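Residue strings, one per chain:
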Amino acid sequence: MTTSTTSTRHSTGDAWAVAPADVGSAESLALLREYFLDVANRYYRLHFDRDGTAEEIETGLAANSSDYLAPPAGIFLVGRYAGEADSCAGLRVLDATTVELTRVYVRPSRRGTGGGARLLAAVEEAAHSLGARRIVLDTRLDLVEARALYTRHGYREIPAYGNSPYAEVWYGKDLAPEHRPGGARADG
């Protein structure tokens, strides 16, 4: 697995850097909690005109562990903006050539700074390191910012591949063969 950190400079002079991280670390768990609070509360507001209760959120967190995003079953990435952990994404291995993208989150205060694009570029690098040739994901229709990000970066709607009660739309992206220095392809 590749563990390099890559950065993209923005006009603000700050940099996004994304690297693999321990999904069970305090920093990763804090980002995953924020992710869950964001998507759960958006769901409760849309369907029940309220935020989720503390009990509903804790029950949901307990029922939706992210442990499968640890090697060898997956990988978890943390994005840093000016050194602060402000985004995350996970990949779960589905089969020898397909990974599922999940837990994609950029803190609201950092949205619009290029973090989502940098995160997706790192996701593709990580997918290659896992031997994947295709990335799939599911999401909800109300997560319009995420859906726009995915389509901007080459993801296209695909038929349903799972039965999550919260999945309303599915996306997939075939990965270009990874190129190595000197023009050699990593896949053969």
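Residues numbered from 1 in each chain as written. Predicted model: local features only at pLDDT ≥ 70, side-chain atom pairs only at ≥ 80, totals over all residues. Heavy atoms only, no water.

## Describing the overall build of the protein
Looking only at helices and strands, one finds 4 helices and 8 strands in the protein. Along the protein, helices (α) and strands (β) appear in the sequence β-β-α-α-β-β-β-α-β-α-β-β when read from the amino end. In the protein, once contacts between residues fewer than 6 apart in sequence are set aside, the share between residues at least 24 apart is 57%. (Helix = DSSP H or I, 4+ residues; strand = E, 2+ residues; numbered from the N terminus. Contact = heavy atoms within 4.5 Å.)

## Focus: the confidence of the model for the protein
Of the residues in the protein, 87% reach a pLDDT of 70 or more, and the chain-wide mean stands at 88. Ranking the elements of the protein by mean pLDDT puts strand 1 (residues 6–9) last with 41 and strand 6 (residues 134–139) first with 98. Scored below 50 in pLDDT, residues 1–13 shows 31 contacts in the model against residues more than four places distant or in partner chains. (pLDDT = per-residue confidence, 0-100.)

## With respect to the pairing of strand 3 (residues 74–81)
Burial runs high along strand 3: 7 of the 8 residues are buried. Both strand 2 (residues 15–20) and strand 3 contribute to a ladder of 5 bridges, which runs antiparallel. Counterpart to W16 in the pairing with strand 3 is Y81. Pairing of strand 3 with strand 4 (residues 84–93) involves 8 bridges; the strand directions are antiparallel. Following the sheet pairing, G74 is matched in strand 4 by R92. In sequence, strand 3 turns back onto strand 4 through a hairpin of 2 residues, with A82 there showing a positive phi of about 50°. (Buried < 20%, exposed > 50% of the residue type's maximum accessible area, 1.4 Å probe, protein only. Pairing = 2+ DSSP bridges.)

## Digging into the pairing of strand 6
Pairing of strand 5 (residues 98–106) with strand 6 involves 3 bridges; the strand directions are parallel. Directly across from E100, in strand 6, lies its bridge partner V136. As for the winding sense of the linkage, the β-α-β connection from strand 5 through helix 3 (residues 115–129) to strand 6 is right-handed. Sheet topology note: the strand 6/strand 8 (residues 169–174) ladder contains 6 bridges and is antiparallel. Residue pairing across strands places V136 opposite G172, the latter belonging to strand 8. (Right-handed = clockwise from strand over helix to strand, strands pointing away.)

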